[in-house]
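Descriptive analysis of the structure
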Amino acid sequence: MGANVLVTGGAGFLGSHLCDHLLKEGASVVCLDNFMTGQEANIAHMQNNPAFSVVQRDVADSVDQSPIPSIIEEIYNLACPASPVHYQENPVHTLQTSVWGAFNMLELARRTDAKILQASTSEVYGDALLSPQTESYHGNVNPIGIRACYDEGKRAAETLFFDYHRLYETRIKVVRIFNTYGPRMHPADGRVVSNFIMQALRGEDITIYGDGRQTRSFCYVDDLIEVIYRMMHSREGFTGPVNIGNPGEFTMLELAERVLSLTGSRSKLVFKPLPQDDPKQRKPDIGRAKTELGWEPKVPLDEGLTMTIDWFKRGL
Ligand code: NAD
Ligand code: UDP
C-alpha cells in the first residue's frame, strides 16, 4: 500500500505534476486547492483514478479537518500563488495563505503525525547580495515592498516550520525552490518563461523588464518534482532548508534570444520598466541537494524550453 498524501496547491503548475508523480509511486492523493491560480485542466486526467480526490478549500481557512481523511502520512504544502502578478493582486491574502496556511498544515501534521514538506522559495533571499545563494545566507528582503507579502510570508512560514520542529518534533522538510518552468504553466501566469513563449508564438512584442541584464536560473519541472519527492523521503532528521533548482544562470535578454530562436519567431524586444525590488541576480548553490539527496538537474535549458514550447503550441 502506498502512502496517504495531502498535496495543497495540487491543481497548480508544480502541484499537479507532483500529484502525477505520487500516483505513479502508488500513493493515495488528496489535492486541496482553492483554484485561485490552479486549473481543473491540470488535474482532469486524474479525476477518474480512485486513488485521487480533490478538496476545494482555502488553506488559510480554519483547521477543521473534514473532509480531509483522518489518516494522512505526508503533507506537501504548495498552496500559494507563485507569480508576482498573482501574489500582488491580493497581498494580504497572499500573506495569510503562506502564514496561516503553514500554521494550519503544521497543526494537521501534528494531529496526524504526518511528515510535512514546505515549498519555500529563492525569494527568501530577496535581492541577494551573494551569488550563488547558499542556504546559510539570510537574504536581503525589503519588508515593506510590493514583493514582501510573498517573500516575508514564505520566510515566516519557514520560521513556523522550524519552531514546530523544535517544540513538537514535527518531522519537517523545507525546500527552497528556484525559478521552475514547464508544461501546465498558465499561459496568462505572468512569469517570464510563459510570457516570452506566448508572446513569441503569437508574434507579439517580447516584454523585457528593465535592461534585461538581471539573471535567473531556470529548472525544468521534471527535475524539480524528482527532488521534491527525494526530499520527502530523505534521511530521518534531515530538515533542510535545501536549495533546489538549476544553477545554469541566464540574463532575461539571453532567455528572450533562446525563445526567439527555438520558436523561429520574429517578435521584437520591447523594454518596460523594471518592477520594484526585482532581484538582480539569482543562482542556487545546490551543494547540499547533491550531498544529501544525491540530486542534480539533468534537463538543459534548450531541451526544457523546446518541450514547454511544444506544450504551449498544442494549447493554441
Ligand atoms: P501555481 O500558482 O501554479 O500553483 C499554486 C496553487 O496553489 C494553485 O493551484 C492555486 O489555486 C493554489 N492556491 C493558492 N492559494 C491558495 C489558498 N489560499 N488555498 C488553497 N490553494 C491555494 O504556482 P506553482 O508554480 O505551482 O507554485 C507552487 C508552490 O511552489 C508555491 O508555494 C510557490 O510559492 C512555490 N514555488 C514555485 C516556484 C516556481 O518557479 N514555480 C518557485 C519558488 C517557489
Ligand atoms: N520579466 C521580464 N518580462 C516579463 C516577465 C518577467 O523581463 O514579461 C523579468 C522579471 O522582471 C524578472 C524575471 O523576468 O527579472 C523573472 O520574473 P518572474 O516573474 O518569472 O519571476 P521572479 O523570479 O521575478 O519571481
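What comes next is a walk through the structure. Being a predicted model, the structure only gives us computed values, none of them experimental.

Moving on to helix H5 (residues 148-168). The end-to-end C-alpha distance of H5, which contains 21 residues, comes to 29 Å, matching closely the 30 Å that a straight helix rising 1.5 Å per residue would cover. Summarising the contacts, the buried residues of H5 are in contact with helix H3 (84-87), helix H4 (91-112), strand S5 (115-121) and strand S6 (172-177). One or two residues past the end of H5 sits glutamate 169, with phi positive at roughly 60°.

The nonpolar side chains of a soluble globular protein tend to be buried with one another. One finds Leu22, Tyr76, Leu255 and Leu305 to be the most contacted residues of the largest nonpolar core, which totals 60 residues. Broken down by element, this core gets its largest block of residues, eight residues, from helix H7 (residues 221-232).

A separate point is the packing of helix H6 (residues 192-202) against helix H10 (residues 301-315). Where H6 contacts H10, the two axes come as close as 10 Å, and the packing angle between them is 60°. The pairing of H6 with H10 is recorded here as oblique in orientation. Along this stretch, H6 crosses H10, giving a crossing that reads as right-handed. Judged by residue contacts, Val193, Ser194, Ile197, Met198 and Leu201 of H6 engage Leu305, Thr308, Ile309, Phe312 and Lys313 from H10. When its residues are assigned to classes, the contact of H6 with H10 shows seven nonpolar, two polar and one charged.

Not every one of the 18 residues close to ligand 2 is listed here, only the nearest: Asn195, Thr207, Arg216, Asp278 and Arg282. A distance of 2.9 Å separates an oxygen atom of ligand 2 from a polar side-chain atom of asparagine 179. A distance of 2.8 Å separates an oxygen atom of ligand 2 from a polar atom in the side chain of asparagine 195. Protein burial of ligand 2: of its 520 Å² of free accessible surface, 95% is covered by the chains. Within the residue set of the shell around ligand 2, elements represented by two or more residues are H6 and strand S8 (206-209).

The parallel open sheet is built from seven strands, whose spatial order is S3-S2-S1-S4-S5-S6-S11. Of all the strands in the sheet, just strand S3 (52-56) and strand S11 (242-244) have a single pairing partner and so form its edges. Each adjacent strand pair in this sheet contributes to an overall mean axis angle of 20°, direction not counted. Relative to S5, strand S4 (residues 74-77) runs parallel, the two sharing four bridges. Paired with isoleucine 75 across the strands is isoleucine 116, a residue of S5. This element, H7, spans S4, S5, S6 and S11 of the sheet and lies at about 160° to S6.

So, how was this worked out
- Residues numbered from 1 in each chain as written.
- Chains lettered and ligands numbered in written order.
- Predicted model: local features only at pLDDT ≥ 70, side-chain atom pairs only at ≥ 80, totals over all residues.
- Heavy atoms only, no water.
- Helix = DSSP H or I, 4+ residues; strand = E, 2+ residues; numbered from the N terminus.
- Expected span 1.5 Å × (residues − 1).
- Contact = heavy atoms within 4.5 Å.
- Core = buried A, V, L, I, M, F, W, Y, C linked by side-chain atoms within 4.5 Å.
- Buried < 20%, exposed > 50% of the residue type's maximum accessible area, 1.4 Å probe, protein only.
- Axes fitted to C-alpha atoms, helices over the stretch in contact; angles between N-to-C directions.
- Parallel < 35°, antiparallel > 145°, perpendicular 65-115°, else oblique.
- Left-handed = near helix turned anticlockwise from the far one by under 90°.
- Nonpolar A, V, L, I, M, F, W, Y, C, P; charged D, E, K, R; others polar.
- Near = heavy atom within 4 Å.
- Polar contact = N/O pair within 3.5 Å; in protein donor to acceptor, adjacent residues only side chain to side chain.
- Areas by Shrake-Rupley, 256 points an atom, 1.4 Å probe, with all protein chains shown as cover.
- Pairing = 2+ DSSP bridges.

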